[in-house]
Amino acid sequence: MKLPAPLAYLRAHDEWIAFAFAAILGLITMVPITASGNDAGRIMVYICFLPMSFFYAASALVQTRARVKELEARIAELEKGRVES
């Protein structure tokens, strides 16, 4: 079954969803704090750097998936060579 275009896009980029969610949640939290003029320096630093943890996790996952695809291609190439000989 072929997925609709938006769902296929999300499935292809699912490792970035946590990063985007944390970034949007951080913005939603930061706007009222800055608009009210509160001095919430410590919480602002935490909120601003929270998406970075998800970014690094997602980038590691992307590298791992790329390596797995590369290894699967090599295995398929080796199996094809073994079948032909």
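Below or above, wherever it landed, is the structure these notes cover. Predicted model, so just to flag it, every value in this text is computed and none were measured.

Among the surface-exposed residues, V45, F49, M52 and Y56 lie close enough to one another that they form a single nonpolar patch of about 430 Å² accessible area. By the secondary structure assignment, V45 is in helix α3 (residues 41-84). By relative accessible area, V45 is classed as partly exposed at 48%.

Bringing the packing of aromatic side chains into the picture now. Describing an aromatic ring pair means giving the distance of the ring centres and the angle of the ring planes. By the definition in use, this model includes four aromatic pairs. For the ring pair W16 and F55, a centre distance of 5.5 Å and an interplane angle of 45° mean the geometry is tilted. With a gap of 39 residues between them, W16 in the loop between α1 (5-12) and α2 (17-36) and F55 in helix α3 connect regions that are remote in the sequence. Relative to Y56, the ring of F55 has its centre 5.6 Å away and its plane inclined at 70°; by these criteria the two rings are edge-to-face. Ring-pair connections join several aromatic residues into one group, and the members of that group are W16, F19, F55 and Y56.

Right, let's get into the pattern of salt bridges. Throughout the structure, instances matching the rule amount to one salt bridge. Note that R67 is salt-bridged to E70, the shortest N-O span being 2.9 Å. Residue R67 and its partner E70 are both found in helix α3; the two are separated by three residues, about one turn of the helix. A residue is classified by how much of its surface remains accessible, and E70, at 43% relative accessible area, is partly exposed.

Rules behind the numbers
- Residues numbered from 1 in each chain as written.
- Predicted model: local features only at pLDDT ≥ 70, side-chain atom pairs only at ≥ 80, totals over all residues.
- Heavy atoms only, no water.
- Patch = residues over 30% accessible without salt bridge, like charges linked within 9 Å, V, L, I, M, F, W, Y side chains within 5 Å.
- Areas by Shrake-Rupley, 256 points an atom, 1.4 Å probe, with all protein chains shown as cover.
- Salt bridge = Lys/Arg side-chain N within 4 Å of Asp/Glu carboxyl O.
- Helix = DSSP H or I, 4+ residues; strand = E, 2+ residues; numbered from the N terminus.
- Buried < 20%, exposed > 50% of the residue type's maximum accessible area, 1.4 Å probe, protein only.
- Phe/Tyr/Trp six-rings, centres within 6.5 Å; stacked < 30°, edge-to-face > 60°.

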